[in-house]
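Here is how the chains run, residue by residue.
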Amino acid sequence: MTSPEKMHPVGIIGGTGLTTLSGLEITGEKQVGTPWGNPSAPLIEGLLGDQPVTFLSRHGNPHRIPPHQVNYRANLKALYDAGVRTVVGVNAVGGIHPDMGPAHVVVPDQIIDYTWGRASTFFEGDLDSVTHIDFTWPYDESARQILIDAAGAEGVPFSGFGVYGATQGPRLETAAEIIRMERDGCDLVGMTGMPEAALAAELGIRYVCLGLVVNWAAGKSDHIITMEEIEAAIEQGMSGVKRILEVSMAGLGVLTPLPQSS
Ligand code: HPA
């Protein structure tokens, strides 16, 4: 049993389809700033079951900030300053792997970064020394296992491995870009996985992705991608995502902070 003073709130960054977290018993709302600017929205504090949670809507509430203009640094720093040491990033993604069709849930284990021009590090400006963090395993393995166990217990169709290809957006990809990404080893494609994961690692936050497939990636079905299709998959799959979050909170809440965090 972890003593209360050692308990940290779990951060949830909600993406497309998860602007607010129903089921969260809200206890407070904080408009905060950081040296890197303002986060996308106020931090919503509450309880999910017995676990303190800090929720942040990645694209703002209402959903208005496109993936390439999200202030990822402010979002992660605001959560860190609020005491968060474990973050679940919920991401809507396109499915490339044949097993990963609409409404499927994926807990990826790797990332390939195709984004460009985003502020992607805290280590810049007037530095005392140059820092290169290790990023061999971009997602926290303990947190991944907790999400995987929760998905299994809840009977949600899921994959416990996968390579997330992070694209720049906001446009969707061409069919040829997806073929190239598949050749590279990508199973999923999304626009918000990076630099979020790397910034979390720089802060010493345990970070894990919970991906909901909302469409077949470009060229992987016999039709073009429509908003109707995406909305239908969100409608179908988001209840499973929320159940996984609820069931995994207690376990995530007692993970010890990584050594480099203060
Ligand atoms: N591509 C990139 N990002 C996405 C997609 C996609 O097909 N679906 C949801 N986010």
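Rules used throughout
Residues numbered from 1 in each chain as written. Predicted model: local features only at pLDDT ≥ 70, side-chain atom pairs only at ≥ 80, totals over all residues. Heavy atoms only, no water. Phe/Tyr/Trp six-rings, centres within 6.5 Å; stacked < 30°, edge-to-face > 60°. Helix = DSSP H or I, 4+ residues; strand = E, 2+ residues; numbered from the N terminus. Buried < 20%, exposed > 50% of the residue type's maximum accessible area, 1.4 Å probe, protein only. Lys NZ or Arg CZ within 6 Å of the ring centre and 35° of its normal. Contact = heavy atoms within 4.5 Å. Core = buried A, V, L, I, M, F, W, Y, C linked by side-chain atoms within 4.5 Å.

(A) Representation of the packing of aromatic side chains in the model. All chains considered together, the criterion is met by 2 aromatic pairs. Ring plane angle 65° and centroid distance 5.5 Å describe the contact between Trp36 and Phe122, whose orientation is recorded as edge-to-face. Of the two residues, Trp36 sits in the loop between strand S2 (25-30) and strand S3 (43-48) while Phe122 sits in the loop between strand S7 (110-113) and helix H2 (141-153), which places them 86 residues apart along the sequence. Taken together, a centroid distance of 6.2 Å and an interplanar angle of 20° make the contact between Tyr139 and Tyr207 stacked. A residue pair is termed long-range when its members are at least 10 positions apart, and Tyr139 in the loop between S7 and H2 and Tyr207 in strand S11 (residues 206-216) qualify at 68 residues. Taken as a pair, Tyr139 and Tyr207 share a single burial class, namely buried. Between Arg85 and the ring centre of Tyr80, over which it is positioned, the NZ or CZ distance is 3.7 Å. Taking NZ or CZ as reference, Arg144 lies 5.1 Å from the ring centre of Phe161, over its face.

(B) The arrangement of the environment of Gly160 in detail. In this structure, Gly160 sits in the loop between strand S8 (158-159) and strand S9 (163-166). By relative accessible area, which is 15% here, Gly160 ends up buried. Through-space distance from the C-alpha of Gly160 to that of Asp99 is 12 Å; in sequence the pair is 61 residues apart. Beyond its immediate stretch of four places on either side in the chain, Gly160 contacts Val107, Arg144 and Ile148.

(C) Quick look at the nonpolar core. Counting residues in hydrophobic clusters, the biggest one holds 34 residues, and the most contacted among them are Ile12, Leu210, Leu245 and Leu252. Put simply, the parts of the chain that give this core at least two residues each are strand S1 (10-14), S3, strand S4 (51-57), strand S5 (86-95), H2, S11 and helix H5 (227-253). In terms of residue count, H5 provides more of this core than any other element does, 9 residues in total. Those residues within four positions of Leu245 in sequence are excluded, and the remaining contacts are Ile12, Leu18, Leu21, Leu48, Val88, Val90 and Leu210. Within the second largest apolar cluster, 32 residues are counted, among which are Ile13, Val70, Leu79 and Val87.

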